[in-house]
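So you can see what is in the structure, the chains are spelled out below.
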Amino acid sequence: MKCFPVALGLLLCGLLLSCTTPPPPAAGPLILVSLDGFRWDYLQKYDAPALKALAAAGVHARRMTPSFPSKTFPNHYTLVTGLRPEHHGVVSNYFYDPVLQASFNKNLPGDNADARWWSQGEPIWITAEKQGVRSAAYMWPGCEAEIHGARPSLHQSYDGRANAAKRVDALLAWLDLPADQRPRFAALYIDVVDVVGHKAGPDAPETAAAVKEADAAIARLLAGLTARGLRDQVNLVVVSDHGMSEQSADRFAFLEDMLDISQVEVESTGPNGGVRPKPGTITPAALAARMRAKAPPQVQVYAREEVPARYHYSANPRIPAVVFIADDHWNVESRAILKRFTGNLERGNHGWDPATPNMGALFIAQGPAFRHGHEFADVENIHLYNFLCATLGLKPAPNDGDNRLAREALAR
Ligand code: AMP
Ligand code: ZN
Ligand code: ZN
């Protein structure tokens with residue numbers, strides 16, 4: 001009888017612990033695949049049997065909302081850091097840093113490998129390595145840089161010539177490594193749907209074929225996991241960074257009609273972008289006011305500090321001093337640049353307001369750690385990082401997300 005209070009205490013303690021400690025880390029590897037530019041509704045619109053089956057068996061968000069700007073580099077870094085672009089610092093595919101007095105260009109291998117651009121955020125492969133979980137990243141934006149003195153154990157730099165099947169095979173080869181070298185977290189980047197979606201537009205048969213190719217890559221990955229006896233152990237998460245929308249030459253607004261082009265540096269153009277006044281010319285506030293007075297109704301212009309709060313796009317000096325955002329389908333461009341594209345303007349684009357239905361992205365998760373046959377509404381992509389950390393049993397770095405995706409998607 002004497003030990004009863006102790007036993008009761010232990011029982012209560014155990015109950016409390018089971019309520020407060022995170023679930024034990026999943027046994028099998030966690031694989032995160034990004035299908036760049038895979039719009040949320042391509043799943044129904046096009047033939048994607050492998051992805052549809054994954055969504056039906058696992059957990060599926062109707063739509064994942066990207067962060068602003070709905071471009072590739074900002075959103076890939078948000079997906080793996082949980083930080084909005086204004087906080088992780090990769091504020092666009094192209095931007096200028098007034099402190100470094102240097103520009104970032106997503107196409108330059110040197111910028112992809114340069115820690116200065118990436119070190120405002122901590123991607124999950126670094127969180128994992130710091131906590132003893134071997135990680136790997138295949139062509140994922142940011143994976144080429146040493147961040148906070150660390151790198152993923154395995155990484156592959158971007159090579160646009162490697163097709164989706166080749167990338168899947170390379171990831172599977174990492175899973176064939178001896179146990180002490182094998183990653184427990186791996187991220188894979190596949191861009192065929194984005195590349196073709198730009199050229200042909202979201203409604204074209206070429207884009208349907210690209211979706212089929214991406215779907216076949218997922219089927220190839222699943223077959224490879226089955227062949228290795230891993231299919232039932234792996235937790236697989238398939239996401240995209242943004243959607244895709246049509247654009248056309250008759251829906252362009254021109255910078256030259258809104259400002260004196262000799263007074264500014266143009267940082268980026270398109271569905272959104274920005275300019276900064278050259279020193280000694282005009283203040284950002286005056287430039288924004290002048291542009292606003294002359295812009296067509298499809299274009300909104302803001303000084304950085306005036307960008308509406310819902311875009312979360314003010315708190316970083318890398319954001320252009322003057323930001324413009326066009327309505328869906330519309331672009332802001334300089335006449336000089338557009339001239340170069342005459343005759344071969346791409347049919348599709350993205351970068352518009354993340355709330356625009358066409359900008360919606362994909363989220364599917366399937367595996368033993370996740371709920372089965374569960375679909376839920378929209379979720380912002382800032383919550384993915386915490387969900388991935390919870391799946392791996394990692395303590396996340398501070399970020400802009402919360403645990404709502406983990407609550408929705410993890411098995412109870
Ligand atoms: P965007 O569609 O303008 O946001 O840019 C995304 C495109 O950039 C993708 O479709 C890829 O083909 C390409 N891309 C992705 N990573 C890299 C990289 N590291 N270097 C050059 N191009 C890349
Ligand atoms: Zn993209
Ligand atoms: Zn794109």
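It should be noted that the structure appears before, not after, this text.
Scoring rules and cut-offs
- Residues numbered from 1 in each chain as written.
- Chains lettered and ligands numbered in written order.
- Predicted model: local features only at pLDDT ≥ 70, side-chain atom pairs only at ≥ 80, totals over all residues.
- Heavy atoms only, no water.
- Near = heavy atom within 4 Å.
- Polar contact = N/O pair within 3.5 Å; in protein donor to acceptor, adjacent residues only side chain to side chain.
- Areas by Shrake-Rupley, 256 points an atom, 1.4 Å probe, with all protein chains shown as cover.
- 1 Å grid on protein atoms, 1.4 Å probe; cavity = no way out; pocket = protein on both sides within 12 Å on 5 of 7 lines; lining within 4 Å.
- Sits in = over half its atoms within 2 Å of the grid points.
- Helix = DSSP H or I, 4+ residues; strand = E, 2+ residues; numbered from the N terminus.
- Pairing = 2+ DSSP bridges.
- Points joined across faces, edges and corners; volume = space filled by probe spheres on them.
- Nonpolar A, V, L, I, M, F, W, Y, C, P; charged D, E, K, R; others polar.
- Buried < 20%, exposed > 50% of the residue type's maximum accessible area, 1.4 Å probe, protein only.
- Arc of directions from axis to C-beta.
- Donors = N, O, S within 2.8 Å, 3.2 Å for Na, K, Ca; no water.
- Tetrahedral: all angles 85-135°; square planar, octahedral: opposite > 155°, others 65-115°.
- Contact = heavy atoms within 4.5 Å.
- Axes fitted to C-alpha atoms, helices over the stretch in contact; angles between N-to-C directions.
- Phe/Tyr/Trp six-rings, centres within 6.5 Å; stacked < 30°, edge-to-face > 60°.
- Lys NZ or Arg CZ within 6 Å of the ring centre and 35° of its normal.
- Salt bridge = Lys/Arg side-chain N within 4 Å of Asp/Glu carboxyl O.

Colleague: Could you clarify how one ought to interpret the site of ligand 1 in this entry?
Modeller: Near ligand 1 lie 15 residues; those nearest to it are Thr72, Asn93, Asp191, Asp194 and His198. The separation between an oxygen atom of ligand 1 and a polar side-chain atom of Asn93 is 2.8 Å. Between ligand 1 and His350, the relevant distance is 3.0 Å, taken from an oxygen atom to a side-chain nitrogen or oxygen of the residue. Here ligand 1 has 500 Å² of accessible area as a free molecule, and 87% of this is covered by the chains. According to the grid-proximity analysis, the pocket containing ligand 1 is the largest pocket. Contributing elements (two or more residues each) for the shell around ligand 1: helix H4 (72-81) and helix H10 (192-200). Looking at which element gives the most residues to the shell around ligand 1, the answer is H10, with 3 residues.

Colleague: What is the right way to read the pairing of strand E3 (residues 94-97) from this model?
Modeller: A regular strand carries its side chains on alternate faces of the sheet. Of the pairings in the sheet, the one linking E3 to strand E4 (residues 102-105) comprises 4 bridges and is antiparallel in character. Looking at E4, one finds that Tyr96 is bridged to Ser103. In this antiparallel pair of consecutive strands, E3 and E4, the connection spans 4 residues, and Gln101 shows a positive phi of 50 degrees.

Colleague: It is not clear to me how the layout of surface pockets should be interpreted in this structure. Could you clarify?
Modeller: Gaps left between atoms show up when a probe the size of a water molecule is rolled over them. Taken as a whole, the largest pocket encloses approximately 1100 Å³ of empty space. Lining the largest pocket we find 43 residues, and of these Lys71, Asn93, Tyr94, Lys106 and Asn107 sit closest to its centre. Contributions of two or more residues to the lining of the largest pocket are made by H4, helix H6 (109-113), H10, strand E11 (264-268), strand E15 (331-333) and helix H13 (335-341). In terms of residue class, the lining of the largest pocket is built from 17 nonpolar, 17 polar and 9 charged.

Colleague: Please clarify how helix H3 (residues 49-57) should be interpreted in this entry.
Modeller: Helical geometry note: an α-helix holds 3.6 residues per turn, so side chains three or four residues apart project in the same direction. Of all the positions in H3, only Ala50, Leu51, Leu54 and Ala55 are classed as buried. In a view along the axis of H3, the buried residues occupy a sector of 135 degrees, so they form one face of it. Within H3, the exposed residues directed more than 90 degrees away from the buried face are Pro49 and Ala56.

Colleague: I'm lost on the coordination of the zinc ion (ligand 2) in this one. Help?
Modeller: At the metal site, the zinc ion (ligand 2) is ligated by Asp36 (OD), Thr72 (OG1), Asp241 (OD) and His242 (NE2), and these contacts range over 2.0 to 2.1 Å. Geometry at the zinc ion (ligand 2) is tetrahedral, judged from the 4 donor atoms that bind it and their angles of 95 to 126 degrees at the metal. Along the chain, the residues donating to the zinc ion (ligand 2) are arranged with the sequence spacing D-x35-T-x168-D-H. With relative accessibility at 0%, the residue Asp36 sits in the buried group.

Colleague: Would you take a moment to explain H10 for this structure?
Modeller: With 7 of 9 residues buried, H10 lies mostly within the body of the structure. Buried residues along H10 sit against helix H2 (42-45), strand E7 (185-190), helix H11 (205-227) and strand E16 (348-349).

Colleague: Would you take a moment to explain the packing of H3 against H11 for this structure?
Modeller: For any two helices packed against each other, one specifies the crossing angle of their axes together with the interaxial distance. Put simply, H3 and H11 touch, their axes get as near as 7 Å, and they point 60 degrees apart. Listed contacts from H11 to Pro49, Ala50, Leu51 and Leu54 of H3 are Asp215, Ile218, Ala219 and Leu222. Grouping the amino acids of the contact of H3 with H11 by side-chain chemistry returns 7 nonpolar, no polar and 1 charged.

Colleague: Quick question: what am I supposed to make of the side chain of His76 here?
Modeller: By the secondary structure assignment, His76 is in helix H4. A polar side-chain atom of His76 sits 2.7 Å from a polar atom in the side chain of Ser34.

Colleague: In this structure, what is going on with unusual backbone geometry? I would like to understand it.
Modeller: Glycine aside, residues mostly have negative phi, and peptide bonds are mostly found in the trans state. A cis amide bond links Phe68 to the next residue, Pro69, at an omega of 0 degrees. Locating Pro69 in the fold gives a position in the loop between strand E2 (59-65) and H4. A positive phi angle is found at Gln101, which is not glycine, with a value near 50 degrees. With respect to the helices, strands and loops of the structure, Gln101 is situated in the loop between E3 and E4.

Colleague: Looking at this model, I keep getting lost on the coordination of the zinc ion (ligand 3). Mind explaining?
Modeller: Six octahedral donors around a metal ideally sit at 90 or 180 degrees from one another, while four tetrahedral donors ideally sit at 109.5 degrees. For the zinc ion (ligand 3), the full set of protein donor atoms is Asp194 (OD), Asp194 (OD), His198 (NE2) and His350 (NE2), at a range of 2.0 to 2.3 Å. The metal-metal distance between the zinc ion (ligand 3) and the zinc ion (ligand 2) comes to 4.1 Å. Highlighted residues: His198 in helix H10 and His350 in the loop between E16 and strand E17 (361-366), separated in sequence by 152 residues. Residues His198 and His350 agree in their burial class; the two are buried.

Colleague: How should the packing of aromatic side chains be read in this particular structure?
Modeller: Think of a pair of aromatic rings as described by two things: how far the centres are apart, and how the planes are tilted against each other in angle. All chains considered together, the criterion is met by 17 aromatic pairs. Note on Tyr77 and Trp118: the rings are 4.9 Å apart at their centroids and 75 degrees apart in plane angle, and the pair reads as edge-to-face. Taken together, the positions of Tyr77 in helix H4 and Trp118 in helix H7 (residues 115-118) put the pair 41 residues apart, joining distant regions of the chain. Grouping residues by exposure puts Tyr77 and Trp118 together as buried. Feature note: the residues Phe73, Tyr77, Phe95, Phe104, Trp117 and Trp118 constitute an aromatic cluster, connected by ring pairs. Above the plane of the ring of Tyr311 lies Arg310, whose end atom (NZ or CZ) is 4.4 Å from the centre. Taking the ring centre of Phe254 as reference, the NZ or CZ of Arg335 above it sits at 4.3 Å.

Colleague: Sorry if this is basic, but what is going on with the pattern of salt bridges here?
Modeller: In a structure, side chains of opposite charge can pair up when their charged atoms sit close to one another. Applying the stated criterion to the full structure yields 20 salt bridges. In this structure, Arg62 and Asp378 form a salt bridge, with 3.4 Å as the shortest nitrogen-oxygen distance. Residue Arg62 is found in strand E2, and its partner Asp378 is found in strand E18 (residues 374-380); the two are separated by 316 residues along the sequence. For Arg62, a relative accessible area of 38% gives the class partly exposed. Of the charged contacts in the structure, one is a salt bridge between Arg304 and Glu305, with a shortest N-O distance of 3.6 Å. Accessibility expressed as a relative area gives 59% for Glu305, which makes it exposed. Taken together, the shared-partner salt bridges connect Arg62, Arg63 and Asp378 into one network.

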